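Per-entry structural report
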Amino acid sequence: MKKLLSMVIAAGALLGAQAHAADEFDLKIFHVNDSHSYVEPVNTFLTIDNDKYLAQIGGMNAILNYMNTHSEGNVLRLHGGDFQTGNGTYFNYYHGRDDYEILKELKFEAVVIGNHEFDYGNDFLAELVAGLKSGKNAMKVLSANLKVPFENRLTPMVDEYVILERGGEKIAVIGITSGDKVNASSKPDKGTFFTNEADTINKLVAELQKQGINKFIALTHQGVENDIPMASKVHGIDVWITADSHTVMGHQLHKLGVPTELDYPEMAKNLDGNNACIVQAGSTGAILGELNVKFDKDGNVIKCDGAPQIIISSLQTANAEELDPKKKEAAMKEFSKLDFVSFYDPKKDPSSELINGYINETHSRLQYLGTNNNALCQTRVPGEVCLFTQTEQIHGCEVCTSLSYILAKKYPGAIILQNAGNYRTFMWPGKIYNSDVNNVLAFANNLVSLEINGEELEKLIDSGIESYTKNPSRDGSFPTGYGVRFDLDYNVTDGKFISNLEYRSADGWVPVKKDQKYTVIVNEYIATGADGYGYLKTLIDDPSHNAKDLGQTISYETIEVLKKDPKIDKLPASEMFVQKLTLKK
């Protein structure tokens, strides 16, 4: 009798456990964002056991292989937008064709439109969308708050959301694009506008809940700094797959010497009081986000975890030299102890014929230019920490200054004044090819010269800084270049952020004179007033400033100088824009 009773109790417990499990639903989400036409692995410094290594991480072949070998259970593959422009080599060769073919090769099911998708207008974007939505592995292109004129070709091509089904459960993925960012930094057609992001989400969630949907993902391109506060202002959203701010998340990365301010995931409460998990995966295809979400029977998140996956394909010394085989083996063994680190061997592990075709064709076009003896950081705003060298950049953007110095050799005596967003990535020590310059100076913007006096010059620099201070997410507007230097104080209230402005003359540094004329070289993007440079456009529109399109892009002119003078130098702090920095108190 006791044995029978025990069997009944055991059977009841098993049934109860099965019923409980059936009430729960597990979902894995692979996500990438801001890949910006990057196809190959990218360089970064990683530290293990107090030893620093130069590693190549990510890349589309490695990401594809990882997803294919870790896709058990219910899995989604999502992309957060800005999939094209940024890597000047690939984008300038293929103009986005490789981007949409590779996204489909990786079997992403949906992508949200990012601001850079509008860089060349709505018709160009329509070509990209048509490529994404056609052929094998066609995918959905989302932006719920995008509104374009009825007659515009783009009108019927973009969806507000997509409903994906896994394990008998329906998951709604809603796409959201930052209208402010598109209008400030890209070139949408006239009549294109964006509705309020939170209002759009709430409207769609209410409509879809009436259809019985209770699991919601916001696939957004508006910066994690906007997503985190918005999470508490909307109903129903369980997961935020974010983009635009290029944010590397995950405190576990501290074990590799990578500084992060946000964990992976960050947790919030939505307007219903339920859990919402928020993630982002850096940029350039360097990191693959792997998020695991557990839902209860009502579609609410009861657990959310995962990691930014670091996939290493190459290890060298911190000075970019080959490692001793035993040292390399020992390092790989230590890295492998971390569950968010794995290795990909391009020579042995599975790879894509399509991706390899683009890589091989691109490599056939490389031109050797010279050498670079230093790692050059790309931090847009003075005071930021360079992610890859983990050093604070008080004086501004190193790679911006070094490449502007090279350009200045073409235009002796001119001041090179650019927006920091025109410089897309860092540079590593070693041989320099045309691809390295194109990757930094990715945008095909012609150079523009104008003549202004010292008072106008000071106001122009202040206007670029003010654009950033009014909207810190728009850090690409921060002025950078070569030929002037100044002290910067963020605490002013009159908009005059800089003082002690000096000009680099042939005889050395001299104070800028208010009435003296200076030749300034900018790019055609900010010359139109984009990125908050309205004052620059006013100057250019005035015939007295003798504004001229110089007929060549910044990347072309920089490469031409390097062909004759094949060396990139890291300039001393005294040659950089910011000399003394006073942060906001």
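Look up a bit, the structure's there.
The following paragraphs examine the structure supplied in this document. (Residues numbered from 1 in each chain as written. Predicted model: local features only at pLDDT ≥ 70, side-chain atom pairs only at ≥ 80, totals over all residues. Heavy atoms only, no water.)

On a plain count of helices and strands, the protein comes out with 16 helices and 31 strands. In summary, the protein has a C-alpha radius of gyration of 25 Å against a globular reference of 25 Å for 585 residues, a match within 12%. The buried share among the 585 residues of the protein stands at 56%. Partitioning the intrachain contacts of the protein with sequence separation of at least 6 by distance along the chain shows that 74% fall at a separation of at least 24. (Helix = DSSP H or I, 4+ residues; strand = E, 2+ residues; numbered from the N terminus. Rg over C-alpha atoms; globule rule 2.2 N^0.38 Å. Buried < 20%, exposed > 50% of the residue type's maximum accessible area, 1.4 Å probe, protein only. Contact = heavy atoms within 4.5 Å.)

By volume, the second largest pocket amounts to about 220 Å³. Contributing to the lining of the second largest pocket are Glu455, Glu456, Glu458, Lys459, Asp462, Asp494, Gly495, Lys496, Lys514 and Tyr535. If one sorts the elements of the lining of the second largest pocket by residue count, helix α13 (residues 454–470) sits on top with five residues. Classifying every residue of the lining of the second largest pocket by side-chain character gives one nonpolar, one polar and eight charged. (1 Å grid on protein atoms, 1.4 Å probe; cavity = no way out; pocket = protein on both sides within 12 Å on 5 of 7 lines; lining within 4 Å. Points joined across faces, edges and corners; volume = space filled by probe spheres on them. Nonpolar A, V, L, I, M, F, W, Y, C, P; charged D, E, K, R; others polar.)

Attention shifts here to empty space enclosed by the protein. By the definition in use, this model includes three cavities of 30 Å³ or more. One number sums up the size of the largest cavity: a volume of about 60 Å³. Considered class by class, the residues forming the lining of the largest cavity number eight nonpolar, four polar and one charged. Approximately 50 Å³ is the volume found for the second largest cavity. For the second largest cavity, the full set of lining residues is Ser35, Ser37, Tyr38, Val39, Met60, Phe83, Asp98, Asp99, Ile102 and Leu103. Ranked by residue count, the leading element in the lining of the second largest cavity is helix α4 (residues 97–105), at four residues.

What follows is about the pattern of salt bridges. Within the structure shown, the criterion is met by 26 salt bridges. A salt bridge links lysine 294 to aspartate 26; the nearest nitrogen and oxygen atoms lie 2.7 Å apart. Here aspartate 26 lies in strand β1 (residues 25–32) and lysine 294 lies in strand β15 (residues 288–295), a separation of 268 residues in the sequence. Under the relative-accessibility criterion, aspartate 26 is labelled partly exposed at 41%. (Salt bridge = Lys/Arg side-chain N within 4 Å of Asp/Glu carboxyl O.)

Below, the discussion takes up the sheet that holds strand β8 (residues 161–166). One open sheet accounts for six strands, arranged β8-β9-β11-β12-β14-β13; its pairing is mixed. Edge strands, defined here as strands with exactly one partner in the open sheet, are β8 and β13 (266–269). Across the sheet, the mean angle separating the axes of adjacent strands is 25 degrees when strand polarity is ignored. Here four bridges tie β13 to strand β14 (residues 275–279), and the two strands are oriented antiparallel to one another. Considered in β14, the bridge of methionine 267 is made with cysteine 277. Most of the contacts of helix α7 (residues 197–209) go to strand β9 (residues 169–177), to which it runs at about 160 degrees, and overall it touches β8, β9, β11 (216–221) and β12 (239–241). On top of the sheet, helix α8 (residues 224–231) reaches β11, β12, β13 and β14; it is set at about 180 degrees to β14, its chief contact. (Pairing = 2+ DSSP bridges. Axes fitted to C-alpha atoms, helices over the stretch in contact; angles between N-to-C directions.)

Turning next to the nonpolar core. One finds Ile217, Trp240 and Leu291 to be the most contacted residues of the largest nonpolar core, which totals 46 residues. When residues no more than four places from it in sequence are discounted, the contact partners of leucine 291 are Leu27, Lys28, Ile29, Val239, Ile241, Tyr264, Pro265, Cys277, Val279, Cys304 and Asp305. Counting residues in hydrophobic clusters, the runner-up holds 41 residues, among them Tyr66, Val75, Phe118 and Met139. (Core = buried A, V, L, I, M, F, W, Y, C linked by side-chain atoms within 4.5 Å.)

Turning next to the environment of serine 336. Positionally, serine 336 belongs in the loop between α9 (325–335) and β17 (341–343). Classification of serine 336 as partly exposed rests on a relative accessible area of 44%. The spacing of serine 336 and serine 555 is 219 residues in sequence and 39 Å in space, taken between C-alpha atoms. At a separation of 2.8 Å, a polar atom in the side chain of serine 336 contacts the main-chain carbonyl oxygen of methionine 332. (Polar contact = N/O pair within 3.5 Å; in protein donor to acceptor, adjacent residues only side chain to side chain.)

Right, let's get into the pairing of strand β23 (residues 446–453). Counting buried residues along β23, seven of its eight residues qualify, which places the element largely inside the surrounding structure. Of the strand pairs in this sheet, β23 and strand β29 (residues 548–553) are connected by three bridges, and their pairing is antiparallel. Looking at β29, one finds that asparagine 446 is bridged to threonine 553. Where β23 meets strand β28 (residues 517–523), seven bridges bridge the pair, whose relative direction is antiparallel. Each bridged residue has a counterpart across the sheet, and for glutamate 451 the counterpart in β28 is threonine 519.

With that out of the way, let us pick up the state of the cysteines. Counted according to the given criterion, the structure contains three disulfides. Covalently, cysteine 397 is tied to cysteine 400 through a disulfide, its sulfur atoms 2.0 Å apart. Of note, the bridge from cysteine 397 to cysteine 400 carries an S-S torsion of about 75 degrees and is right-handed in sense. The exposure classification of cysteine 397 matches that of cysteine 400, with both residues buried. (Disulfide = S-S within 2.5 Å.)

What follows is about unusual backbone geometry. With omega at -5 degrees, the peptide bond leading from tyrosine 264 into proline 265 counts as cis. Of note, proline 265 is situated in the loop between β12 and β13. Located in the positive-phi region is serine 37, a residue other than glycine, with phi close to 70 degrees. Here serine 37 is to be found in the loop between β1 and β2 (42–48). Its relative accessible area of 1% is what places serine 37 among the buried residues.

Across the interface, α4 lies against helix α5 (residues 121–132) with an axial gap of 9 Å and an inter-helix angle of 25 degrees. With respect to each other, α4 and α5 are oriented roughly parallel. Here α4 and α5 pass one another in a crossing that is right-handed. Contacts between α4 and α5 involve Tyr100, Leu103 and Lys104 from the first element and Glu127, Leu128, Gly131 and Leu132 from the second. Residues that form the contact of α4 with α5 fall into these classes: four nonpolar, one polar and two charged. (Parallel < 35°, antiparallel > 145°, perpendicular 65-115°, else oblique. Left-handed = near helix turned anticlockwise from the far one by under 90°.)

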